[in-house]
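Descriptive structure summary
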Amino acid sequence: MAQVFQATHVGRVRYNNEDSLAVIEPKTYVVADGMGGASAGEVASQMLVETVKNFLLKTEQLWDEKILAQAILLANDKILNTARRHEEYYGMGTTATILHVEGGRGYFAHVGDSRLYLLRNGALRQITEDHSYVETLIRRGEITIEEARFHPMKNVLTQAVGAMTNPEIDTLNFSTERGDIFLLCTDGLTNMVDDAAIAKILQTAENPATALIEAALEAGGKDNVTVIVAGVD
Ligand code: CA
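Residues numbered from 1 in each chain as written. Predicted model: local features only at pLDDT ≥ 70, side-chain atom pairs only at ≥ 80, totals over all residues. Heavy atoms only, no water.

**Looking at the coordination of the calcium ion**
Convention followed: The donor set comprises N, O and S atoms within 2.8 Å of the metal, extended to 3.2 Å for Na, K and Ca; water molecules are omitted, so apparent gaps in a site may simply reflect that omission. A helix here means a DSSP run of H or I that spans at least four residues, while a strand means a run of E at least two residues long, and both kinds are numbered starting from the N terminus. Burial status follows relative accessibility: with a 1.4 Å probe on protein chains alone, a residue under 20% of its type maximum counts as buried, one over 50% as exposed, and anything between as partly exposed.
Protein ligation of the calcium ion involves Asp 33 (OD), Asp 33 (OD), Asp 187 (OD) and Asp 223 (OD), the donor distances falling in the range 2.2 to 3.2 Å. When the donor residues of the calcium ion are listed from N- to C-terminus, their spacing reads D-x153-D-x35-D. Pair noted here: Asp 33 is in strand β3 (residues 28-35) and Asp 187 is in helix α5 (residues 187-190), with a separation of 154 residues, a long-range link. You can call Asp 33 buried: its relative accessible area is 10%. Taking the relative accessible area as the measure of exposure, Asp 187 reaches 6% and is therefore buried.

Structure below.
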């Protein structure tokens, strides 16, 4: 059976951990990075994870990318409605990156700037695109990837769950191979640790999840950091 590793850490600077994660059987992985004042970010990411989990466990058809997107939309409505009823939650939202692996295929649905990576044959590839302002600038050729890492508007998202009525959800299904290793993570990892270092850890660490967290903390741990590493057998 392929191994799954998961870990989350508040980091070295923040007081609370607004990230949430879930491993749902069979072979479904969710990371969410909440935002909002007070404890609103925690509330939003937890609502996302719980809503997705409850929805999927009640859904008997294949958890393909369309079903995953439906789960995100349901969470979107719940978070929006909760924010409308409670002033302290005004403006809260969350990212959502979900992967389901079944029958030689991977299915994902994604909103925000958490990421899904695939390590195949030693090469690490980012599968999701960030829904962020800096990503838009990169695509327009206005800034480089290196400039984006330290951009003052680094944290501004163009899409988020629970912060707008109809967020754009990226979905895809693709074929998987034996030996594939998937990484789902929040930006607390990718802002601290570059892709080359991530690839090395995925290939060498006994427990890649805790090793990735360690690397983010060693690099400063400026944000909450959450990772799920799942192999395909
Ligand atoms: Ca974050």
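**Comments concerning the pairing of strand β6 (residues 105-111)**
Which entries qualify depends on this criterion: Each pair of strands is called paired provided DSSP finds at least two bridges between the two strands.
Burial runs high along β6: six of the seven residues are buried. Inspection of the sheet shows strand β5 (residues 96-102) paired to β6 by seven bridges, in the antiparallel sense. From the neighbouring strand, Thr 97 faces β6, where its bridge partner is His 110. Between the end of β5 and the start of β6, which pair antiparallel, lie two residues, with Gly 103 showing a positive phi angle near 60 degrees. Relative to strand β9 (residues 170-175), β6 runs antiparallel, the two sharing six bridges. Bridge pairing links Tyr 107 to Asn 173 in β9.

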